[in-house]
Each structure stands twice: as C-alpha cells, then as structure tokens.
Amino acid sequence: MTSENNAVPQMLTAEQLAKVLQVSERTLRRLISSGKIMSPTRIGRQLRWPLVEISKWIEQGCPVPGRLRKGN
C-alpha cells in the first residue's frame, strides 16, 4: 500500500507552486495579477496549475505568458 503523501501531484496548489518557485504566496499572487505567470485552472472553487506546464515554463526561463507569441 502506498501513501498518498508520497505521490507527486499533477496539479499544484498555490502553496505548492510558491514553494516550487521559492516565493511567498503573496508574491505568487502579485505575479498572477501582473500577468508574469500563467493563470491557474479553476476546479470548482480551487485554483490549480498543471505541473507539466509549470515545468515547461521554468525550463524556458520563466517567460512572460504571451510575449513569445507576439514575435511570431
């Protein structure tokens, strides 16, 4: 039997994402408000970020969403 605590989440909460980015949740909210990070997906009342998309975004150097498209 495996523990659910050991499972890697596929959708990150604001708290988890802030830890990944090593910022406070308040700073994360500011990044969202200013459009510097992708908007979360709403699942009911919960906000979540797909781990796969966050990983890609970090690998690309954390570009501002939408800026890469304007040059194409």
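Keep in mind the model is a prediction, meaning the values are calculated, not measured.

The rules we used
Residues numbered from 1 in each chain as written. Predicted model: local features only at pLDDT ≥ 70, side-chain atom pairs only at ≥ 80, totals over all residues. Heavy atoms only, no water. Helix = DSSP H or I, 4+ residues; strand = E, 2+ residues; numbered from the N terminus. Salt bridge = Lys/Arg side-chain N within 4 Å of Asp/Glu carboxyl O. Buried < 20%, exposed > 50% of the residue type's maximum accessible area, 1.4 Å probe, protein only. Core = buried A, V, L, I, M, F, W, Y, C linked by side-chain atoms within 4.5 Å. Contact = heavy atoms within 4.5 Å.

1. Things to note about unusual backbone geometry
Alright, step 1. Of note in this structure, glutamine 22 is not a glycine but carries a positive phi near 60°.
Alright, step 2. With phi around 60°, cysteine 62 is a residue other than glycine that occupies positive phi space.
Alright, step 3. Residue placement: cysteine 62 occurs in the loop between helix 3 (51–59) and helix 4 (67–70).

2. Focus on the pattern of salt bridges
Alright, step 1. Enumeration over the complete set of coordinates arrives at 2 salt bridges.
Alright, step 2. Of the charged contacts in the structure, one is a salt bridge between glutamate 15 and lysine 19, with a shortest N-O distance of 3.7 Å. With glutamate 15 and lysine 19 both in helix 1 (residues 14–21), this residue pair falls 4 residues apart, about one helical turn.
Alright, step 3. A relative accessible area of 43% means that glutamate 15 is categorised as partly exposed.
Alright, step 4. Across the pair glutamate 53 and lysine 56 runs a salt bridge whose closest N-O atoms are separated by 3.9 Å.

3. What to know about the nonpolar core
Alright, step 1. One finds Leu12, Leu17, Ala18, Leu21, Leu28, Ile37, Met38, Trp49, Ile54 and Trp57 forming the largest nonpolar core, which totals 10 residues.
Alright, step 2. Where this core is concerned, the elements lending two or more residues are helix 1 and helix 3.
Alright, step 3. If you tally residues by element for this core, the top one is helix 1, at 3 residues.
Alright, step 4. Residues in contact with tryptophan 57, not counting those within four places in the same chain, are Leu21, Lys36, Ile37, Met38, Cys62 and Pro63.

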